[in-house]
Amino acid sequence: MREPTDLLQLRAMSARVGRNMLLVQGAGGNSSIKQDDVLWVKASGTWLADAEEKDIFVPVLLTAARAALARDDERIPLAAPGSLRASIETSLHALLPHRVVLHVHAVNTIAWAARRDARDDFAARLDGLTWCHLDYFHPGLPLARAVGAIVARERVDVLILANHGLVVGAETCEKAEALVHDVEKRLALPVRAAPAAGQAALKRLCAGTPYRLPGDPGCHDTATDPFSRAVATGGSLYPDHVVFLGPGLPTIDGADGLATLLARAEASGLPAPVAALVPGSGAIIRDDASPGAEPMLSCLALVTSRLPLSAEISYLSSQHEQMLLNWDAERYRQQLTASRQ
Ligand SMILES: [Zn+2]
């Protein structure tokens, strides 16, 4: 199959975007390019950050992708044999008319998209762009159907997905990347500085338990800043948080709190929470957490520190959380992410 001449550009752009923690965390985000009837889209479970070192793009026939959407089929056949699956969001990429589509979990966008209030301010900042705001939809087919209804009536280059992230469409990789940066610049929010973490206390707490400190010290900010902590423990802000860390985040109070948490998990037969917040000290994460989990702790700190104290937060409903936890396509993505070399 003939590869698009600018597939190299897509790889370079995707890797750049994927390495920027303010735009993409872990296995999140995806990108694509269309040529003739073929859509080259990120494979499920792969990381944008790996786009230059690994073959993360798979070819899909556009007509097949659109037909799969019409019959509510989440699994879209590849145009060439391969072991990977196309991204969960392939239908969305196929529906948008733009040659290049880029979906990111940009932290400023998410901070706005997880609020019920300040809609006028939000709209004013995006003035001049052809943009649209979508309510929350479960990723995959429900989201693609909602996007399909919009693109059937109007051309939009920027989609703000409530409690999820940002999708942009453009004719070139360069323009798509620039548009993401433009939106993030317009939506830029001041970052609240968090009190220092108590790393020594956290290390003592984790000793002899299945938990450790996260590698990114920024993860602690969610636990040391009271407002960020209240937001983070109040519910789940976006899908990848639920997929990789579970709903919300528990807080624990010292060694007794951790012992209780572990005992409760054992009694219930369920795994202990992937991560927890220790108020005033920092965040801890399980030793066996998947590589996709820790970037979600970083993301949470980056998003919550940008939410103003006056923000009215909108959380995913428990029904949406359950849909994410019981989702077959997501289990596949997690398995691949867990085996990332
Ligand atoms: Zn997403």
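Just so it is clear, the model here is predicted, and its values are computed rather than measured. (Residues numbered from 1 in each chain as written. Predicted model: local features only at pLDDT ≥ 70, side-chain atom pairs only at ≥ 80, totals over all residues. Heavy atoms only, no water.)

Caption draft 1: Inspection of the sheet that holds strand S5 (residues 131-134) at higher detail. Read from one edge of the open sheet, 7 strands run S3-S2-S1-S4-S7-S6-S5, paired in mixed fashion. This sheet does not close on itself; its edge strands, each paired only once, are strand S3 (57-61) and S5. Strand-to-strand twist in this sheet, taken as the mean axis angle between neighbours without regard to direction, amounts to 15°. Here S5 runs beside strand S6 (residues 158-161); their pairing, made up of 4 bridges, is parallel. If you follow histidine 133 over to S6, its bridge partner there is isoleucine 160. Sheet contacts for helix H1 (residues 7-19): strand S1 (30-35), strand S2 (38-42), S3 and strand S4 (100-104); angle to S1, the most-contacted strand, approximately 165°. Seen against the sheet, helix H2 (residues 62-70) touches S1, S2 and S3 and runs at an angle of roughly 75° to S3. (Pairing = 2+ DSSP bridges. Helix = DSSP H or I, 4+ residues; strand = E, 2+ residues; numbered from the N terminus. Axes fitted to C-alpha atoms, helices over the stretch in contact; angles between N-to-C directions. Contact = heavy atoms within 4.5 Å.)

Caption draft 2: Inspection of helix H7 (residues 173-186) at higher detail. Along its 14 residues, H7 runs 20 Å from first to last C-alpha, staying within 8% of the 20 Å computed at 1.5 Å per residue. If you check which residues of H7 are buried, you get Cys173, Ala176, Glu177, Leu179, Val180, Val183 and Glu184. The buried side chains of H7 occupy one side of the element, clustering within an arc of 155° when seen end-on. Exposed residues pointing more than 90 degrees away from the buried face of H7 are listed as Glu174, Lys175 and Lys185. Of the surrounding secondary structure, the elements contacted by the buried residues of H7 are H1, S1, S4, helix H4 (107-113), S6 and strand S7 (165-170). (Expected span 1.5 Å × (residues − 1). Buried < 20%, exposed > 50% of the residue type's maximum accessible area, 1.4 Å probe, protein only. Arc of directions from axis to C-beta.)

Caption draft 3: Seen up close, the sheet that holds strand S9 (residues 275-278). Pairing in this open sheet of 3 strands is antiparallel, and the strands run S8-S10-S9 from one edge to the other. Unpaired on one side and paired on the other, strand S8 (211-212) and S9 mark the two borders of the sheet. As defined by bridge partners, S8 adjoins strand S10 (residues 282-286) across 2 bridges and the pair is classed as antiparallel. Paired with arginine 212 across the two strands is isoleucine 285, which belongs to S10. Sheet strands in contact with helix H8 (residues 199-206) are S8, S9 and S10, and its direction is about 30° off that of S10.

Caption draft 4: Just the pairing of S10, in detail. Within S10, 5 of the 5 residues are buried, which leaves it mostly tucked inside the rest of the structure. Sheet topology note: the S9/S10 ladder contains 4 bridges and is antiparallel. Looking at the pairing, alanine 275 lines up with isoleucine 285 of S10. Between S9 and the antiparallel strand that follows it, S10, lie 3 residues; glycine 280 among them carries a positive phi value of about 80°.

Caption draft 5: Region of the structure containing the domain arrangement of the protein chain. Each domain of the protein chain was delimited in the assignment, giving domain 1 (7-186) and domain 2 (199-305 + 309-338). Summing both partners gives a buried area of about 2600 Å² for domain 1 against domain 2, and 66% of it is carried by carbon and sulfur. Among the residues of domain 1 in contact with domain 2, Tyr136, His138 and Asn163 are the three that bury the most area, contributing 21% of the side total. The interface formed by domain 1 and domain 2 holds 0 salt bridges in total. Seen at the junction of domain 1 and domain 2, the total is 5 residue pairs in polar contact (both at pLDDT 80 or more). (Domains from an automatic or database assignment. Buried area = accessible area lost by both parts, 1.4 Å probe. Salt bridge = Lys/Arg side-chain N within 4 Å of Asp/Glu carboxyl O. Polar contact = N/O pair within 3.5 Å; in protein donor to acceptor, adjacent residues only side chain to side chain.)

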